[in-house]
Amino acid sequence: MKICFYQRLAISLVAVFMLVMIACFYSTNELQKLTQQEAEQKLHLGLAEHLVQDNPLLKEGVYDYDALGNLFHTLMILGPNFEFYYLDPQGKILTYSAEPGKVKANKVDIAPIKHLIGDGKSFPIEGDDPRQLGRHKIFSAAPVYNDNKLQGYLYVIIGGERYDSILANLQNSQSMREIALFMVVGLTLLLIALLVMFKYFTTPLRRLSDDMEKVREADFHREHVPRDLAVWNKNSHNEVDRLGCAFTDMLSHIDHQFEKLSKIDTQRRVLLADLSHDLRTPLASLQGYIETLALNEDTLSAKDRKHFVDVSLKNAKNLKHLIDQIFELAYLEGGQVTLHQEPFPLGELLHDVAAKFALDAQNKGIEIRVIPNHFEYHVFADIGKLERVLTNLIANAIRHTPANGKVDLVVAIHNDKLRVDIRDTGVGISDKEIAFIFDARYQASNTEKDTCSHAGLGLAICQKLMALLNSDLKVESKLGKGTCFSFELTLVNGGPLAH
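Residues numbered from 1 in each chain as written. Predicted model: local features only at pLDDT ≥ 70, side-chain atom pairs only at ≥ 80, totals over all residues. Heavy atoms only, no water.

1. Brief notes about the nonpolar core
Here is step 1 of the chain: Leu346, Leu386, Leu393, Ile422 and Phe487 are the most contacted members of the largest nonpolar core, which totals 43 residues.
Here is step 2 of the chain: Within the residue set of this core, elements represented by two or more residues are helix H9 (346–356), strand S7 (367–371), strand S8 (378–381), helix H11 (383–399), strand S9 (406–414), strand S10 (417–424), helix H12 (458–468) and strand S12 (482–493).
Here is step 3 of the chain: Examining the composition of this core, we find that 7 residues originate from one element, H11, more than from any other.
Here is step 4 of the chain: Setting aside residues no more than four positions away along its own chain, isoleucine 422 makes contact with Leu390, Leu393, Ile394, Ala397, Asp408, Leu409, Thr483, Cys484, Phe485 and Phe487.
Here is step 5 of the chain: Among the nonpolar cores identified, the runner-up in size contains 16 residues, and Leu87, Ile93, Ala98 and Ala141 belong to it. (Core = buried A, V, L, I, M, F, W, Y, C linked by side-chain atoms within 4.5 Å. Buried < 20%, exposed > 50% of the residue type's maximum accessible area, 1.4 Å probe, protein only. Helix = DSSP H or I, 4+ residues; strand = E, 2+ residues; numbered from the N terminus. Contact = heavy atoms within 4.5 Å.)

2. Focus on a nonpolar patch on the surface
Here is step 1 of the chain: Taken together, Leu13, Met197, Tyr200 and Phe201 make up a surface patch of nonpolar side chains, about 440 Å² in accessible area.
Here is step 2 of the chain: Among the elements that take part in the nonpolar patch, helix H6 (residues 161–217) stands out by supplying 3 residues, more than any other.
Here is step 3 of the chain: Tracing the backbone shows leucine 13 in helix H1 (residues 5–43).
Here is step 4 of the chain: Look at leucine 13 and you get partly exposed, because its relative accessible area is 34%. (Patch = residues over 30% accessible without salt bridge, like charges linked within 9 Å, V, L, I, M, F, W, Y side chains within 5 Å. Areas by Shrake-Rupley, 256 points an atom, 1.4 Å probe, with all protein chains shown as cover. Salt bridge = Lys/Arg side-chain N within 4 Å of Asp/Glu carboxyl O.)

3. With respect to the pairing of S7
Here is step 1 of the chain: Alternating residues of S7 divide into Ile368 and Val370, all buried, and Glu367, Arg369 and Ile371, none buried.
Here is step 2 of the chain: Pairing analysis gives 5 bridges linking S7 to S9, with the strands arranged parallel. Looking at the pairing, isoleucine 371 lines up with valine 410 of S9. (Pairing = 2+ DSSP bridges.)

4. Some points on the pattern of salt bridges
Here is step 1 of the chain: Tallying each qualifying case throughout the model produces 8 salt bridges.
Here is step 2 of the chain: Ionic pairing is found between aspartate 310 and lysine 306, a salt bridge with its closest N-O pair at 3.1 Å. Of the two residues, aspartate 310 and lysine 306 both sit in helix H8 (residues 302–333), 4 residues apart, roughly one turn of that helix.
Here is step 3 of the chain: Note that arginine 423 and aspartate 421 form a salt bridge whose closest N and O atoms lie 3.1 Å from each other.

5. Quick word on H12
In an α-helix there are 3.6 residues to a turn, and that puts residues three or four apart on one side.
Here is step 1 of the chain: Those residues of H12 that sit buried are Gly458, Leu459, Ala460, Ile461, Cys462, Leu465 and Met466.
Here is step 2 of the chain: Immediately beyond the C-terminal end of H12, within one or two residues, lies asparagine 470, with a positive phi of roughly 60 degrees.

6. Description of the packing of aromatic side chains
Here is step 1 of the chain: This model, assessed by the stated rule, comprises 4 aromatic pairs.
Here is step 2 of the chain: Taken together, a centroid distance of 6.5 Å and an interplanar angle of 45 degrees make the contact between phenylalanine 82 and phenylalanine 84 tilted. Of the two residues examined, phenylalanine 82 and phenylalanine 84, each falls in the buried class.
Here is step 3 of the chain: Each ring, one from tyrosine 85 and one from tyrosine 96, has its centre 6.3 Å from the other, and the planes form 40 degrees; the classification is tilted. With tyrosine 85 in strand S1 (residues 82–87) and tyrosine 96 in strand S2 (residues 93–96), the pair connects residues that are 11 residues apart, well separated along the chain.
Here is step 4 of the chain: Taken together, the ring pairs connect Tyr85, Tyr96, Phe139 and Tyr155 into an aromatic cluster. (Phe/Tyr/Trp six-rings, centres within 6.5 Å; stacked < 30°, edge-to-face > 60°.)

7. Regarding the side chain of aspartate 408
Here is step 1 of the chain: Relative to the helices and strands, aspartate 408 is located in strand S9.
Here is step 2 of the chain: Take aspartate 408: its relative accessible area is 12%, and that puts it in the buried class.
Here is step 3 of the chain: A distance of 2.8 Å separates the side chain of aspartate 408 from the side chain of arginine 369, its partner in a polar contact.
Here is step 4 of the chain: Other than its neighbours up to four places away in sequence, aspartate 408 contacts Arg369, Ile371, Asp421, Ile422 and Arg423. (Polar contact = N/O pair within 3.5 Å; in protein donor to acceptor, adjacent residues only side chain to side chain.)

8. Looking at unusual backbone geometry
Here is step 1 of the chain: In this structure, the amide linkage connecting isoleucine 371 to the following residue, proline 372, adopts the cis form with an omega of -10 degrees.
Here is step 2 of the chain: Its identity as a non-glycine residue notwithstanding, asparagine 404 has a phi of 65 degrees, on the positive side.
Here is step 3 of the chain: Note on placement: asparagine 404 falls in the loop between H11 and S9.
Here is step 4 of the chain: Positive phi values are uncommon outside glycine, yet aspartate 416 reaches one of about 65 degrees.
Here is step 5 of the chain: With respect to the element layout, aspartate 416 can be found in the loop between S9 and S10.
Here is step 6 of the chain: Among the residues examined, aspartate 416 registers a relative accessible area of 71% and is labelled exposed.

Written as structure tokens, this is what we have:
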């Protein structure tokens, strides 16, 4: 049988309560017993001494043990709470008040008697009970002298056998009634209180457990989870409420991760399909020209062979470029890129990159400028990653800018950082497409065609590289008027900008 947390908690506390109740009852009973014995012993402490002083058989010494035994029997009838014994100096029992055969011991330990007669202050003091071997009881004792010579001791047991029997019956009867009444009333009240209290404290936990079970049955998909999940208070002082809020947040996060993974998987499938197509085109062309060269090597003229080799090299170059971009994007998305950031003069890097594209820009009739032409500011970044971004952005700007256009690299201080703009006067991007240009494999409808194939991964790579440099790659564009890509870099030091 499966026992829930509420039931286990209730059973455990009831068991603890029973143990505490038994311990309290036992300790209280023992304390009451000791207190009663101490009081009775102090009350009858001088009983034996008064009997010795007032009785002629004891005052002048004992000679007639039979007469003393009859005296003890008479005293026991008058005081059934006491048992009388006469002992020699070594503790041997010489006569007593009990019936024949009742006394089991022949001797009593003298040490407790001497302690009581002496300066005994710690009560109760217990001595041997002659009627039952090994049992001890409280007593009163006094020495008996004959001409100043110790003849023996008068040993009086307080609370004899008859007294114990009657008291035990009364105590058993009364104790049983008290225990039964106490247990019935106490346990009833306790169980009612515990059931109400535990119900109050465990209900939120049970609701949370039920919610978790429902989520597990729905395979952790939020859209498959029933709508009757509990609503938790995030600002509550109840730990279960806060745990429920954490569980709800975790469920939302898991659902978001499921959606994100599903979207990524879809994008991955589309990307693989598109890349396969892009790779197949130059690969098929490369294979075709190489096979033609291999089959018709003897019949081809030198000019045709050179043409076939040039086309094959071009396709091989395009194929390598596509593969390099695929690997670069994969490394960036996998977080396997190591940064080597250091301070360096940004002006030198911009002029070097501009010089690299000077010939292509000149052939297309495009003017490429760095504005301002000279400045001494240093930035803190990875120079290799930043050069990769600038190279890609400037190449795109030149490809989408018509003849007699301009590509400007503009530097300005903005919010304590150095802002870099790559502006062109090209065809621009429409408002409907500008939100998608950083997606892998996306190519705008106004993309300029050239002799090289493009996989549409350049801007996606640039955006991820700038994210690694703790910067955002932003874009502004107007269709037919040009585009501006911008980002900001951490400024280290340097002098004022100069035009």
